[in-house]
Amino acid sequence: MKSAVETLNPTRVRLTVEVPFEELKDSLDAAYKKINQQVTVKGFRKGKVPARVIDQRFGRGAVLEEAVNDALPKFYTDAVNEAELSPLGQPEVDITELKDGETLNFTAEVDIRPTIEIPDYSGIEVEVDAVEVTDEDVEKSVEQLRERFASTSPVERAAEDGDVVTIDLEAKVDGEVLEDGVASGVSYTIGSGELLDGIDDAVKGLEAGGEATFTSELKGGSAAGKESEVTVKVSQVAARELPELDDEFAQLASEFDTLEELKADSRKRLENMKQYDQATQAQERVLEKLLELVEVPVPEKLLEDEINTRKHNLEHHQLGQMGLDLAKYLEIQGKTEEEFETETREAAVKGIKTQFVLDELVKQEKLNVNQEELTEHLMRRAASSGMSPDQFAQAVVEQGQVPLLVGEVARGKALASVVEKATVKDTNGEIVDLEDEEEETEASESTEAEATEAPAEEKTEG
């Protein structure tokens, strides 16, 4: 077999392959054997029909077609390996010449991973938010905890903001009560915004036994997105009572004996959260600076596949679970379809470039992933997916996605190595020392995963 490579552009090549006919022998034998098992010829036992009879009855062309279809993947793979290419996606194959007994010639056009030159990145400087926790932040945190320990008691008065009402609901569309539009004994906190638009105004001022009707767009169910006439009846009004902020509350709501200890712990927790946010912010901004330094051509077919994947995941998974369609989502976001298309394309480009650059760094730095790192990453991914580690691991293995996880961890380590060499300052001009390597690696993995979202190149590489 002989092959030659023609570069069409930085991300696409054409392979020209010439195969001597004798190299098709194994595939021809396999083709005759396969056809033998599928046909019946009078006078011959099944599977024992001679090749010449198959040629006469069914045509030599059918045998050649079967043999070529069988052999092409191997010859294509051999040509790719010989040229040391990294193909992305499936090739477009064109058989240019097939002469029985003489030769098989074909071409294969395929997108390839581009060659990337990564310059010195040790001079990258970024600014991140300073870690500052104010007294107001602490008070807000303690107040949220206090809200969780609120109690309620029925009152004989009209409902007000903050009250908890027990209500029955009935929704009609075009005058007909919906099958899934009736609910009884629903507990609702006025002002929480957790139910239908307009319900707060409807129930405020009502006492137990009172009812009102209002119009609202349904957020879910069989008539999601439609205008509905909703009747709400209040069966009970209860006032929320917050516990006093004292040492007794601290003992009730935490393991601490005093309110001051509880507040000190809240401050520490907020500091830890802001430090994690700061580390994540550093990863994101260093990544942006790194991408600005590197010229990365993006294969158009790969880009279109990535855009389509992102749209599909948004429309059929994320929005579907929320009972929204794309049009309603854009309306809520205040975006036009053109703005959405532009943002999706930009995110897809960034994701592909991120993957290419970090993969090149993995190769340059000779970064490996050990079992412990892979297991930790799997545990985090399982937690974010809502599955148990065992369930997630089984799904990953069954779907053949272990290499994807290994790639995610390796790229996370590559980005962390870049951050180590970068200068990170906060908004106060202070140098930020990201000492916690475990936190840094975890943040880098989440940042890289967010940027690439669905690794299109890995999904389509073959």
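Residues numbered from 1 in each chain as written. Predicted model: local features only at pLDDT ≥ 70, side-chain atom pairs only at ≥ 80, totals over all residues. Heavy atoms only, no water.

Residues annotated in UniProt with the feature "domain: PPIase FKBP-type" (unreviewed entry) correspond here to residues 162-215. For the annotated span residues 162-215, helix accounts for 9% and strand for 54% of the residues, and the straight-line distance between the end C-alpha atoms is 22 Å. (UniProt positions renumbered as here; feature names shortened; annotations may be inferred. Helix = DSSP H or I, 4+ residues; strand = E, 2+ residues; numbered from the N terminus.)

What follows deals with the packing of helix 11 (residues 371-385) against helix 13 (residues 402-421). Interaxial distance between helix 11 and helix 13 falls to 10 Å at its minimum, and their mutual angle equals 105°. Put simply, helix 11 runs roughly perpendicular to helix 13. Counted together, E373, L374, H377, L378 and R381 of helix 11 and L405, V406, E408, V409 and K413 of helix 13 form the full contact between these two elements. Of the residues that constitute the contact of helix 11 with helix 13, the class distribution is 5 nonpolar, 1 polar and 4 charged. (Axes fitted to C-alpha atoms, helices over the stretch in contact; angles between N-to-C directions. Parallel < 35°, antiparallel > 145°, perpendicular 65-115°, else oblique. Contact = heavy atoms within 4.5 Å. Nonpolar A, V, L, I, M, F, W, Y, C, P; charged D, E, K, R; others polar.)

With that settled, consider the side chain of T107. One can find T107 in strand 4 (residues 103-112). For T107, the contacting residues outside a window of four places in its chain are R14, L15, T16, E92, V93, D94 and T96.

A cluster of nonpolar residues, V93, I95 and L98, forms a patch on the protein surface that exposes about 210 Å² of accessible area. Topologically, I95 is positioned in strand 3 (residues 87-99). For I95, a relative accessible area of 37% puts it in the partly exposed group. (Patch = residues over 30% accessible without salt bridge, like charges linked within 9 Å, V, L, I, M, F, W, Y side chains within 5 Å. Areas by Shrake-Rupley, 256 points an atom, 1.4 Å probe, with all protein chains shown as cover. Salt bridge = Lys/Arg side-chain N within 4 Å of Asp/Glu carboxyl O. Buried < 20%, exposed > 50% of the residue type's maximum accessible area, 1.4 Å probe, protein only.)

Oppositely charged side chains can pair when the atoms bearing their charge come close. Under the definition given, this model contains 34 salt bridges. Close ionic contact of E109 with R14 constitutes a salt bridge, the shortest N to O distance being 2.9 Å. In this pair, E109 is assigned in strand 4 and R14 in strand 2 (residues 12-20), connecting sequence segments 95 residues apart. What you see here is one network of salt bridges that share partners, running through E6, R12, R14, E92, E109 and D111.

Moving on: the packing of helix 11 against helix 12 (residues 389-398). Interhelical geometry of helix 11 versus helix 12 gives an angle of 105° and a closest axis separation of 9 Å. Comparing the axis directions of helix 11 and helix 12 gives the class roughly perpendicular. Side by side, helix 11 and helix 12 meet where L378, M379, R381, A382 and S385 of the first sit next to P389, F392 and A393 of the second. Partitioned by chemical class, the residues of the contact of helix 11 with helix 12 number 6 nonpolar, 1 polar and 1 charged.

Secondary-structure assignment places Q321 in helix 8 (residues 300-322). The spacing of Q321 and G351 is 30 residues in sequence and 24 Å in space, taken between C-alpha atoms.

Moving on: unusual backbone geometry. Its identity is not glycine, yet E84 carries a phi of approximately 55°, on the positive side. With phi around 55°, K366 is a residue other than glycine that occupies positive phi space. Along the polypeptide, K366 turns up in the loop between helix 10 (337-365) and helix 11.

Bringing a negative patch on the surface into the picture now. A surface patch of like charges, here negative, comprises D247, D257, E260 and E261. Here E261 shows up in helix 7 (residues 259-293). (Lys, Arg positive; Asp, Glu negative; His and termini not counted. Charge placed at Lys NZ, Arg CZ, Asp CG, Glu CD.)

Here the focus is the nonpolar core. Counting 34 residues, the largest nonpolar core has I124, L290 and L361 as the members making the most contacts within it. Listing elements by their share of this core, those giving two or more residues are strand 5 (125-128), helix 7, helix 8, helix 10 and helix 13. The greatest single-element share of this core, amounting to 7 residues, is contributed by helix 10. Not counting residues within four places of it along the chain, the set of residues in contact with L361 comprises I118, Y121, L290, K366, A414 and V418. (Core = buried A, V, L, I, M, F, W, Y, C linked by side-chain atoms within 4.5 Å.)

Direction of pairing for strand 6 (residues 151-154) relative to strand 10 (residues 227-241): antiparallel, over a ladder of 4 bridges. Residue S151 lies in a different strand from strand 10, and its bridge partner there is E241. As paired strands, strand 7 (residues 164-173) and strand 10 are joined by 9 bridges and run antiparallel to one another. If you follow E170 over to strand 10, its bridge partner there is T231. Judged from the 7 bridges that link them, strand 9 (residues 211-217) and strand 10 form a sheet pairing that is antiparallel. Bridge pairing in strand 10 links E211 to K233. (Pairing = 2+ DSSP bridges.)

Here we take up helix 8. With 23 residues, helix 8 should cover 33 Å at 1.5 Å per step; its first-to-last C-alpha distance of 32 Å lies within 8% of that length. Among the residues of helix 8, those classed as buried are L302, L303, E306, I307, R310, K311, L314 and L319. Residue G323 follows helix 8 closely and has a positive phi angle near 75°. (Expected span 1.5 Å × (residues − 1).)

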